[in-house]
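Residues per chain are reported as follows:
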Amino acid sequence: MALSPPSSSFLLLFLFSFTFASSFILSNGFPFRHPHRPLRHRIATHNYRDALTKSILFFEGQRSGKLPPNQRLIWRRDSGLSDGAAMNVDLVGGYYDAGDNVKFGFPMAFTTTMLSWSVIEFGGMMKSELQNAKEAIRWATDYLLKATVHPDTIYVQVGDANKDHACWERPEDMDTPRSVFKVDRNSPGSDVAAETAAALAAASLVFRRSDPTYSKLLVRRAVRVFEFADKYRGAYSVGLKSFVCPFYCSYSGYQDELLWGAAWLHKATKNPTYLHYIQVNGQTLGADESDNTFGWDNKHVGARILLSKAFLVQKMQALHDYKGHADTFICSLIPGVPSSQAQYTPGGLLFKMDDSNMQYVTSTSFLLLTYAKYLTSARTAVSCGGITVTPQRLRAIARKQVDYLLGDNPLRMSFMVGYGSRYPQRIHHRGSSLPSVSARPQKIQCSAGFDIMKSQSPNPNILVGGVVGGPDERDRFPDERSDYEHSEPATYINAPLVGALAYLAHSSGQL
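Heads up: these notes are all about the structure in this document.

Rules used throughout
- Residues numbered from 1 in each chain as written.
- Predicted model: local features only at pLDDT ≥ 70, side-chain atom pairs only at ≥ 80, totals over all residues.
- Heavy atoms only, no water.
- Pairing = 2+ DSSP bridges.
- Helix = DSSP H or I, 4+ residues; strand = E, 2+ residues; numbered from the N terminus.
- Salt bridge = Lys/Arg side-chain N within 4 Å of Asp/Glu carboxyl O.
- Buried < 20%, exposed > 50% of the residue type's maximum accessible area, 1.4 Å probe, protein only.
- Disulfide = S-S within 2.5 Å.
- Phe/Tyr/Trp six-rings, centres within 6.5 Å; stacked < 30°, edge-to-face > 60°.
- Lys NZ or Arg CZ within 6 Å of the ring centre and 35° of its normal.

Take the sheet that holds strand 3 (residues 180-184) next. Taking strand neighbours across the sheet as the criterion, the three strands line up as 1-2-3 in an open arrangement whose pairing is antiparallel. Of all the strands in the sheet, just strand 1 (103-104) and strand 3 have a single pairing partner and so form its edges. Pairing of strand 2 (residues 153-158) with strand 3, which is carried by five bridges, proceeds in the antiparallel orientation. Within the sheet, the bridge partner assigned to Thr153 lies in strand 3 and is Asp184.

Laid out in structure tokens, this is it:
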């Protein structure tokens, strides 16, 4: 029997119903799940809010000192409770930088600066995570205040790195020498001192409203520490070479930190002295150098982006040149423009170097999102050899990098521990890889831990939120505990990621 064709009114009703249902499901995922979500929000492929929570939680796993009652990573216990005793100074607290049990002041200060900058730019989007981010910052600044308690002196390291690395033991068990190293007038360290000043100044802005007394203490100390950095010039890895190298040598010199520190003090104090300092010394400190790598060693790019805000948003004509300097950096990253210099893996990951490459992915993503924010405020864009690059393009590049980190990559794995269904299992981290104190109360001796380090068993303690060094230039990741270049997490990988994730979670309607 032949069926008669449906009426035109029925066809119209069917098409309307199908189109509405399809678009509704695609945009919302489930009827009336997010009735309040603005249309501008992009459909997210990742749970950025969950990643943000975990990226901050990671810092609790890196804590040294007396842990607080609200410690959430409970497999960690107190450690380093006599730190500083070798020089009769209290240096209890702070963070272990990565997978070892040494407190390196240079990367710790940079971590603090970047956590603070994350909150300054994107803290208003963090909702319930803002307090956790502030606690992560304060854990560091409380320590940095101790490390700078004596004028013209900074205690820049606790622990002999060579002896520490000869052992594989939990921080709670460590019995290697807790040697203390310092910079002072006779053995200067303008790099670590100016970075410490930057950290204290940036953090003072974080606490300006919530704890004005603490904020004033931080900024006063920042001013004093920067004066020391500028007056007694020299790289800290000259006098302390055998202790800080090759771990955290100041390869880029100290000029970048002086410019960076002055930029943060200018922002924190509004004192015209620092603007004058930047104007007079900017060129000799490398303001217009063409380097495009931003991390714990080289701060030139960060200083350019930070100072560009004063021109773009606050209309300070004296800093006009920094918009051009910042644009030069941005253009070096954009694929397809004449000045592009960046290398990407076949899977699309920004690739700077084989050792802990992910630190440059997170720091660059943060700078892209931050500069996009400044450009949007100024209603302008970047011109790269005649090609206009919009803030939206910068955000898209940053999002792609973060998405790769979270699992959109050829291996289909997350490089953040504890995020997603597949993530690194054998990270290069002593505390995570060895049985916890609660699981094995007996002390694990220095060399005994190496049997576990060399094993293929997954780490028993999940260092939630830790981002590892990441894949190689061909997107390969062996997940081997001994492969510290790719499998070791670090505080300075996570710090800028906090800000990037806050923005992405907010822009996706997750916060």
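Glancing now at the pattern of salt bridges. For the structure shown, the criterion picks out 23 salt bridges. Among the ionic pairs, Asp90 bridges to Lys146, the shortest N-O distance being 3.3 Å. Here Asp90, found in the loop between helix 2 (48-61) and strand 1, pairs with Lys146, found in helix 4 (residues 129-147); they are 56 residues apart in sequence, far enough to count as distant. Judged by its relative accessible area of 42%, Asp90 is partly exposed. Via salt bridges that share partners, Glu60, Arg63 and Arg72 belong to a single interconnected network.

Okay, the pairing of strand 2 next. Successive side chains on a regular strand alternate, one facing one side of the sheet and the next facing the other. Within strand 2, six of the six residues are buried, leaving the element largely enclosed by the surrounding structure. Of the strand pairs in this sheet, strand 1 and strand 2 are connected by two bridges, and their pairing is antiparallel. Each bridged residue has a counterpart across the sheet, and for Phe104 the counterpart in strand 2 is Gln157.

The next point concerns the state of the cysteines. According to the stated counting rule, one finds three disulfides in the structure shown. Across a sulfur-sulfur distance of 1.9 Å, Cys167 and Cys446 are joined as a disulfide pair. Measuring handedness by torsion sign, the sulfur bridge of Cys167 and Cys446 sits at about -90 degrees and is left-handed. With Cys167 in the loop between helix 5 (161-165) and strand 3 and Cys446 in the loop between helix 16 (430-433) and helix 17 (450-453), the pair connects residues that are 279 residues apart, well separated along the chain. Across the disulfide, Cys245 is cross-linked to Cys249 (sulfur-sulfur distance 1.7 Å). Taking the torsion about the sulfur-sulfur bond, which here is approximately 130 degrees, the covalent link between Cys245 and Cys249 counts as right-handed.

The final tally for this structure, using the stated rule, is 24 aromatic pairs. On the basis of an interplanar angle of 85 degrees and a centroid distance of 6.0 Å, the ring pair of Tyr248 and Tyr492 is categorised as edge-to-face. Taken as a pair, Tyr248 in the loop between helix 9 (241-244) and helix 10 (255-269) and Tyr492 in helix 19 (residues 491-507) lie far apart in primary sequence, 244 residues in all. Between Phe415 and Phe477, the ring centres sit 5.3 Å apart and the planes meet at 85 degrees, which makes this aromatic pair edge-to-face. Pair noted here: Phe415 is in the loop between helix 15 (391-406) and helix 16 and Phe477 is in the loop between helix 17 and helix 18 (484-487), with a separation of 62 residues, a long-range link. Accessibility classification places Phe415 together with Phe477 in one group, the buried group. Here the basic side chain of Arg63 rests over the ring of Trp139, its NZ or CZ set 4.5 Å away from the ring centre. Positioned over the ring face of Tyr214 is Arg138, at 3.7 Å from the centre of the ring.

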